[in-house]
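Coordinate inspection notes
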Amino acid sequence: MLRTTVAPELRDWVANRLINAHIRILKPMVAGTLLNAAIIIAALIGEVDSLELALFAGSGCAAALHRLWLAEGIARGRRQKRPRKIMLAFQLNSWWLGATLGSGLALWMPSVSPGAQLLLTVCGVTQIASAAYTVRTLPRSAMVYVASQALGLAIGLAREGTPAALGAIAVLLVASALLVRMAFAACDLFVSRILSDRELSASARTVTLLLNEYEESSSDCLFELDANDRLTRVSPRFAAIAAEPSAALEHRAFVTLFASGAGRDRLSEALAQRRSLRDVAVTLEGTVGNEPRWWSISGRPCYPQDEETVAFRGIVSDITSQRLAESRAQWMAHFDALTGLPNRACFDQQLDQILADRSDDDHVALLLIDLDQFKHVNDVHGHPLGDALLRHQAQRLTACVHDSGLGGAAPLVARLGGDEFAVVVTGASACDHAVRLAEYLTVTFADPVAIEGHELVSTASIGLSLAPFHTEQKPQLQSYADIALHAAKGAGRATWEMFEAGMDEALHERHALARDLRHAIARGELRLFLQPLVEVVSEEMTGYEALLRWQHPQRGLVPPDLFIPVAEETGLIVPIGEWVIRSAFAEAASWSRPDTIAINLSPVQIGNANLLPVIVNALAETGLDPSRVEFEITEGVLLHNSEANIGVLNRLHLLGVKIALDDFGTGYASLNYLLTFPFDKIKIDRRFVSELATREESRAIVGAVINLANQLGMCTLAEGVEEPAQLNTLKEHGCRMVQGWLFGKALPSEEYHPRRHPLPVAEMPVRLPRSRRVRRSQTYSGRVGVRNA
């Protein structure tokens, strides 16, 4: 039932609006219904009696045509005056149409093939779901339509008699009830909106009439002064804008209405000299609602002047709103609208002044503060909650600064933009005070905050620089603090760093690395390494993991743990990841046996819209069977923007590729991820494998993970297997696959699959036979391969 109360005189009007809203989407609804019925008929030819199909088709077409006939009559105005009868007619038609489709589902479900049963189920669910949208403005019709089809599908499933079918019936009935509830709710919202629109239209007409009347009169008011510059003939309008009674204003000296200032002085001078004046801004004495008021005065003297005549006549305009807007604009030019703190422009001006006024004994400490995890809060919870977090953290920062008991002048606290803040501490002990403040801030900001029912964590990374110890120039002082801030972020965030001489060199080195990395693909400096993936029982190699290496012409072989973070920060991981995918697919397509190829995907790649087209094109270009491809992801993919990322993983699954969860057991919610997505493989992190011989806890965890994966139908692969004892333990627990130095290092691809000529991505290579038996390595000294993501 609808919750919105409709006045009796408006019920027919509302009913007509609901009917017309349904008619606007009636043709697509009928077309979709007939298409669904046609698909069912085409799929069941040969499995169901032709007469039954003909009756099904005839009844469905007749019901659809009847619904179109009802709509055509309404469109031509033949039935518009009988909305309740029309609604009843649509309800009966909905029953007819729903019963036709539902009877087919009930009768044919048990007697057709499994494929046809799946088609009937999908078509039935599609029709039920679409009814909640297409008939939502006629909720009783939607209820009849959904119920008749849901009943037919439930009967068909019940005739199957299997536990799965009975469970499906329960889900179907609950979902159908929710859809009907949604249809009533949607109709209720629609009625509320059209009633609100009707009221707004009436209000708009009233306001228009008032505005027309107001435009006929002036927005300003006149005033008249006698020869002694006193008010005379005070009008009610003047008294109203002056917020005083007319009697109190009569014969009052005009200038006494205004506060002292330049405007009042100009007015007094013009009146004394009997000169005209124009747009003189004055402030009124007193306030209204604790806010000042401003007038603009224009006028000229009148002649002859005596005690009985008007000596000066003019116009006053209330410019309070304009002055308040100008004041607000001036404030916004120097302060942040969200937090009320000084903005970057104001901060720069004040820092210039602080440095210029600094005495020889005074020091200046600059703290740049960046909120960690703020982007994640914005992405997951939306910008309104992100803004609320910024306001809360700004208040927290200001309170920390004031509570820290700093000496010297009052510290300057500002928001520079985004999630970046700044604090300036001055005085002889500015360095010590700044260090204590940085410690206090990192500890305080580590505590979670509750905002709008959400518990949020946004720690602080802080960079600190000093004047004159580091520099006396503002640009360098800010640059050094920013470099120290980057160092704090690189150290794991939620900490503070003071600028040191080597930090700028490290930052420049990082920028140089990023610059060279931009050209690495074009120059052919990236190389594909492979490490074998081995089946435990047979100890046969079944595939490889693709690992990335960078052969720099001057730096030599750059470790991945140096250049991969740079690639992810700069976004270069996207083109580099594309190169890895294409190269790995081409490499795997060249092998003589159908071994799998495992490729790591970073959260940045998963979030890139071009990932799926790249994979599809690479599969098409190389002809590689998708079932030979396995993509490995870490918990970071599911931790950030998880809903969208899971959608990408589902689409990858539909391509036929496998998805593995890498480094399992190292995250705080690893078990939850197994419920989030149906992974094909779980990779046990090397830190558990390395401690199998020394820690009973590691053996218990590895055994539990393997047992859990086996029960879920997932393959397990243990990383970092370097000793025979580790392999034996994993074999005893039932681990299916291993990877590590015991069976092979990460080596260039040509070491495992030699070829006479280099392999361009677009070419198919000469295939060479190779033994499948893996010989265990006799020597090893540590991990070489670091994944490309």
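If you're wondering where the values come from, they're calculated on a predicted model, not measured in any experiment.

Next up on the list: the overall build of the protein chain. Within the protein chain, the secondary structure is distributed over 28 helices and 22 strands. In the protein chain, which comprises 789 residues, the proportion classed as buried is 45%. Intrachain contacts of the protein chain at a sequence separation of at least 6 include 68% that bridge at least 24 residues. Accessible surface computed for the protein chain: about 39200 Å², of which carbon and sulfur atoms make up 56%.

An ideal rise of 1.5 Å per residue puts 16 Å on 12 residues; helix α21 (residues 611–622) measures up with 17 Å between its terminal C-alpha atoms. Gly623 occupies a position one or two residues after α21 and carries a positive phi of about 70 degrees.

A word on the nonpolar core. Phe585, Ile597, Phe631, Leu652 and Phe679 are the most contacted members of the largest nonpolar core, which has 75 residues in total. For this core, the element with the most residues is helix α19 (residues 573–589), which contributes eight residues. Contact partners of Phe679, with chain neighbours within four places excluded, come to Ile633, Leu638, Ile659, Ala660, Leu661, Tyr673, Leu674 and Met714.

Ordered in space as β2-β1-β5-β4-β3, the five strands form an open sheet in which the pairing is antiparallel. Only two strands of the sheet have a single partner each, and these edge strands are β2 (231–232) and β3 (277–283). Pairing between strand β1 (residues 221–225) and strand β5 (residues 312–318): five bridges, direction antiparallel. The residue bridging Glu224 from the neighbouring strand is Arg313, located in β5. Strand contacts of helix α10 (residues 262–272): β1, β3, β4 (294–301) and β5, with the helix running at about 135 degrees to β3, the strand carrying the most contacts.

What follows deals with the pattern of salt bridges. In total, this model carries 26 salt bridges according to the counting rule given. Where Asp229 meets Arg274, a salt bridge forms, and the shortest distance between an N and an O atom there is 3.0 Å. Within this pair, whereas Asp229 is found in the loop between β1 and β2, its partner Arg274 is found in the loop between α10 and β3, the two being separated by 45 residues in sequence. On the accessibility criterion, Arg274 (18% relative accessible area) is buried. Lys683 serves as the salt-bridge partner of Glu632, at 2.8 Å between the closest nitrogen and oxygen. With Glu632 in strand β17 (residues 629–633) and Lys683 in strand β19 (residues 681–684), the pair connects residues that are 51 residues apart, well separated along the chain.

What follows deals with the packing of aromatic side chains. Taken as a whole and assessed by the stated rule, the structure comprises 13 aromatic pairs. With a centroid separation of 5.2 Å and 65 degrees between ring planes, the pair formed by Phe56 and Trp108 is classed as edge-to-face. Residue Phe56 is found in helix α3 (residues 50–75), and its partner Trp108 is found in helix α4 (residues 83–108); the two are separated by 52 residues along the sequence. Each member of the pair, Phe56 together with Trp108, is buried. Taking the centre distance of 5.6 Å and the plane angle of 80 degrees together, the rings of Trp550 and Phe563 count as edge-to-face. Of this pair, Trp550 sits in strand β14 (residues 540–552) while Phe563 sits in helix α18 (residues 560–570), and the two are 13 residues apart along the sequence.

What follows deals with unusual backbone geometry. The omega torsion of the bond from Ala467 to Pro468 falls at 10 degrees, within 30 degrees of zero and hence cis. Structurally, Pro468 can be placed in the loop between β11 (460–467) and α16 (474–490). Unusually for a residue other than glycine, Asp229 sits at a positive phi of about 60 degrees. Even without being glycine, Ala494 reaches a positive phi, approximately 55 degrees.

A separate point is the packing of helix α12 (residues 344–357) against α16. At their nearest, the axes of α12 and α16 sit 10 Å apart, and the two run at 115 degrees to each other. Considered as vectors, α12 and α16 are oriented roughly perpendicular to each other. Crossing angle aside, the handedness with which α12 passes α16 is right-handed. Counted together, Phe347, Asp348, Leu351, Asp352 and Leu355 of α12 and Lys474, Leu477 and Gln478 of α16 form the full contact between these two elements. Looking at the contact of α12 with α16, its residues break down into four nonpolar, one polar and three charged.

Analysis parameters
- Residues numbered from 1 in each chain as written.
- Predicted model: local features only at pLDDT ≥ 70, side-chain atom pairs only at ≥ 80, totals over all residues.
- Heavy atoms only, no water.
- Helix = DSSP H or I, 4+ residues; strand = E, 2+ residues; numbered from the N terminus.
- Buried < 20%, exposed > 50% of the residue type's maximum accessible area, 1.4 Å probe, protein only.
- Contact = heavy atoms within 4.5 Å.
- Areas by Shrake-Rupley, 256 points an atom, 1.4 Å probe, with all protein chains shown as cover.
- Expected span 1.5 Å × (residues − 1).
- Core = buried A, V, L, I, M, F, W, Y, C linked by side-chain atoms within 4.5 Å.
- Pairing = 2+ DSSP bridges.
- Axes fitted to C-alpha atoms, helices over the stretch in contact; angles between N-to-C directions.
- Salt bridge = Lys/Arg side-chain N within 4 Å of Asp/Glu carboxyl O.
- Phe/Tyr/Trp six-rings, centres within 6.5 Å; stacked < 30°, edge-to-face > 60°.
- Parallel < 35°, antiparallel > 145°, perpendicular 65-115°, else oblique.
- Left-handed = near helix turned anticlockwise from the far one by under 90°.
- Nonpolar A, V, L, I, M, F, W, Y, C, P; charged D, E, K, R; others polar.

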